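Listed below are the residues making up each chain.
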Protein chains: 2
Amino acid sequence: MHRESALTNGATPRVGRGATLDAVAHEAGVSRATVSRVVNGSPKVSPEVRRQVERAVDRLGYVPNLAARSLVTRRSDSVGVVITEPTGRLFNDPFFPRLLRGISAELAARKLQLVLLMPETEPDEERLERYLLSGHVDGVILVSLHGDDPLPGDLLARGIPVVIGGRPATGIAASYVDVDNRDGARAAVRHLVSLGRRRIATLAGPLDMAVGSDRLEGYRDALAESGLPHDRRLEAHGEFTYESGASAMRRVIHAAPDVDAVFAASDLMAAGAMSVLRAAGRRVPEDVAVVGFDDSPLAVTTDPPLTSVRQPVEEMGGDLVRLLADAIDREIRTVRHVLLSTELVPRASSVAPAQSRDNAHGG
Amino acid sequence: MHRESALTNGATPRVGRGATLDAVAHEAGVSRATVSRVVNGSPKVSPEVRRQVERAVDRLGYVPNLAARSLVTRRSDSVGVVITEPTGRLFNDPFFPRLLRGISAELAARKLQLVLLMPETEPDEERLERYLLSGHVDGVILVSLHGDDPLPGDLLARGIPVVIGGRPATGIAASYVDVDNRDGARAAVRHLVSLGRRRIATLAGPLDMAVGSDRLEGYRDALAESGLPHDRRLEAHGEFTYESGASAMRRVIHAAPDVDAVFAASDLMAAGAMSVLRAAGRRVPEDVAVVGFDDSPLAVTTDPPLTSVRQPVEEMGGDLVRLLADAIDREIRTVRHVLLSTELVPRASSVAPAQSRDNAHGG
DNA sequence: ACTTGTCAAGAGAGCGATTTCACGCTCGGC
DNA sequence: GCCGAGCGTGAAATCGCTCTCTTGACAAGT
């Protein structure tokens, strides 16, 4: 009836600076080599010996020393995730938490560790490069890369596997995973067209980032395929932020007062646009329908809630890891690209005038 | 002669599987020990030799192998950051990006690496604990801890330094850094009182989290010190989310129709509340003033913009690292607590009726 | 002139794992 | 009844670095 603690049985677990392979070998009466085999699941160990060793491992609370292992295997079993984002999206959008979550989950499934690197200063960047180049990680995931960053090239040159989240602006010969921004934008604009809108404006993001130019291309695609004229006055540029969305909207209203729909390159821009529209006395969606991009939490809290394009961010994280793991494990050096499809999430900001007027209150 | 040919052929850096200490030693014509001293900045090296070695290091592109170093120093120079957050704040608030940024910056300044761990499943948690217990990190930062998590206790028992972000619900003998939520709430409610509001409601967060109960306490403090009666009908509970803020607001309006101000425990709840108020025909801030908490980006995009309480999240990250580093470097095992003060950011959602009516349009 | 002190530099012993290779042992085939 | 084959196990060689201890050179003290 007394509690049978594993501890009382003369089995004081060696806490503190852990037991070594050697200690376990002694305890189990075998050689280090055998213990190593058991720990690493080699099939070449007889069942009895295996059980012996496993008991000894438990008894001593043995956990392998990664440093020692990595010294000989030349593997660190960890991958670096580099996020170089000054501010921007980082704080206004749960993009990074979601991405990290996706990455982390897939990494965990493969028993890899995630080393997060967020360089901020110049010296940081230098140390970062040294760190990564020195093979202390088995591979690197690069997120939100600056156009001319030499990092991926340097890493690749040293034979360190690299994958990039988001299509890099310049043509680096590295694998990447990207959201199909162009197609997402196309779908958003098609949606507006299908609602009967004809004077559709876009508030585009920075064109030096793929995500910015892709969304603009998608907008143009959809207009073209719908036979709508391409009108420069309906295109304004900004920075993905609330304020820049607002000011872009002001410019559009001024240049093209007959605008009846807006496709914004981010939810934040869309929110800024809506506030400007309201101030200008335009009703959303009756007078002007609005669609954003990202499907951030913001989209649900605006008034009216914002139609937006959802990106599979977690999935992107998972794919990044899969690509990288292939490169590491199977030494696949082929450059591969993954394009993830988006999903339009319709909300009240883009309901057709007819619907919002008649249907909403049960016509 | 032969021996040198590979090396002296000048500038060819040994790319690929890096140069070793030994290689550098050869190149510079000194012993490994000397190279090690140079690399680690020991003062006991003559200037000429130092220069020699530094040149060799450059030439070979030498970077120390962390695994080998860590094997002998028993230091990994990395700290684990454990985030156990199912969903909640994680995706609706840039809390984690900001925190990670704060942590990362301070870590970088101390040349420590950040190993991010986000366990999601049960097996994840087990592996996590093994990983941390086995001394592969020098210390651990725990964020958004569940009330009854055994992890901090286990780690502490093994002598691994632990610091916690956010005051843990149960009384764990670990250092923590927290935002002074109670004081922040107090300030928010005082602000409402100073605006002449008398029927101030609160939409509280979950009480099983310190952050939830602290903010409620602060609310009560402020009412008490202002001599306002404590009225249960003015207290509704929710979950920090938009929807729960909305439904809590509905309950308050029903139970206390004369409510003239609301202090919500999060911006998200405040946003939910505002939409309900609007639907109920109450104007914000004229009829009901609203204050949120967190000063999330959301606060700027609501209509009207939301008065909120700003938390020094980056600073919190920095303090976490400082506390942890003290524990690691100086072996300080004293339990310490840091409480960071908040700042009220007034916006249009809480302007006094007099001001918003008379002043705004120039009385 | 001989000892003593100082300080730069080298030699070598680990750190804790993996892994190759060699070694007995047991079997089945002839 | 002898001989590889097959298989489990151990011995020992690394992996790349740190760090103590020792050595050697040179200057100064007596």
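Residues numbered from 1 in each chain as written. Chains lettered and ligands numbered in written order. Predicted model: local features only at pLDDT ≥ 70, side-chain atom pairs only at ≥ 80, totals over all residues. Heavy atoms only, no water.

## Regarding the nonpolar core
Now for step 1: Ranked by size, the top nonpolar core spans 52 residues in total, and within it A:Val81 and B:Val81 carry the most contacts.
Now for step 2: Leave out the neighbours within four places in its chain, and A:Val81 touches A:Leu100, A:Ile103, A:Leu114, A:Val115, A:Leu116, A:Leu117, A:Ile141 and A:Val143. (Core = buried A, V, L, I, M, F, W, Y, C linked by side-chain atoms within 4.5 Å. Buried < 20%, exposed > 50% of the residue type's maximum accessible area, 1.4 Å probe, protein only. Contact = heavy atoms within 4.5 Å.)

## Quick word on the protein's contact with DNA strand C
Now for step 1: Among the 27 residues in the neighbourhood of DNA strand C, the closest are listed as A:Leu21, A:Ser36, B:Thr34, B:Val49 and B:Arg74.
Now for step 2: Each atom of DNA strand C within 4 Å of the protein belongs either to a base or to sugar and phosphate, the latter forming 67%.
Now for step 3: In the model, a phosphate oxygen of DNA strand C is placed 2.9 Å from a nitrogen or oxygen of the A:Asn65 main chain.
Now for step 4: Backbone polar atom of B:Ser31 to a phosphate oxygen of DNA strand C: 2.8 Å apart, as the coordinates give it.
Now for step 5: Taken together, the elements giving at least two residues each to the surface near DNA strand C come down to α2 (32-39) and α4 (66-73) of chain A together with α3 (32-39) and α5 (66-73) of chain B.
Now for step 6: Grouping the constituent residues of the surface near DNA strand C by class yields 13 nonpolar, eight polar and six charged. (Near = heavy atom within 4 Å. Polar contact = N/O pair within 3.5 Å; in protein donor to acceptor, adjacent residues only side chain to side chain. Helix = DSSP H or I, 4+ residues; strand = E, 2+ residues; numbered from the N terminus. Nonpolar A, V, L, I, M, F, W, Y, C, P; charged D, E, K, R; others polar.)

## A look at the pattern of salt bridges
A side chain of one charge can pair with a side chain of the opposite charge when the charged atoms of the two come close.
Now for step 1: Applying the stated criterion across every chain, the model contains 56 salt bridges over all chains.
Now for step 2: A salt bridge links A:Arg59 to A:Glu27; the shortest N-O distance between them is 2.8 Å. With A:Arg59 in helix α3 (residues 47-60) and A:Glu27 in helix α1 (residues 21-28), the pair connects residues that are 32 residues apart, well separated along the chain.
Now for step 3: Overall, the relative accessible area of 28% leaves A:Arg59 in the partly exposed class.
Now for step 4: Judged by relative accessible area, A:Glu27 falls into the partly exposed class, the value being 36%.
Now for step 5: A salt bridge links B:Arg32 to B:Asp22; its shortest N-O distance comes to 3.9 Å. (Salt bridge = Lys/Arg side-chain N within 4 Å of Asp/Glu carboxyl O.)

## A word on a nonpolar patch on the surface
Now for step 1: Together, A:Leu71, A:Val72, B:Leu71 and B:Val72 give the surface a local cluster of nonpolar side chains, amounting to about 350 Å² of exposed area.
Now for step 2: When contributions to the nonpolar patch are tallied by element, the ones reaching two or more residues are α4 of chain A together with α5 of chain B.
Now for step 3: The topology assignment puts A:Val72 in helix α4. (Patch = residues over 30% accessible without salt bridge, like charges linked within 9 Å, V, L, I, M, F, W, Y side chains within 5 Å. Areas by Shrake-Rupley, 256 points an atom, 1.4 Å probe, with all protein chains shown as cover.)

## Overview of the domain arrangement of chain A
Residue and element names in this part refer to chain A.
Now for step 1: By domain assignment, chain A separates into domain 1 (1-64), domain 2 (78-178 + 313-341) and domain 3 (181-311 + 345-359).
Now for step 2: Distance between the C-alpha centres of domain 2 and domain 3: 31 Å.
Now for step 3: Listed as interface residues are nine residues of domain 2 and, on the opposing side, nine residues of domain 3.
Now for step 4: Between domain 2 and domain 3, the buried area comes to about 900 Å², and carbon and sulfur atoms account for 46% of it. (Domains from an automatic or database assignment. Buried area = accessible area lost by both parts, 1.4 Å probe.)

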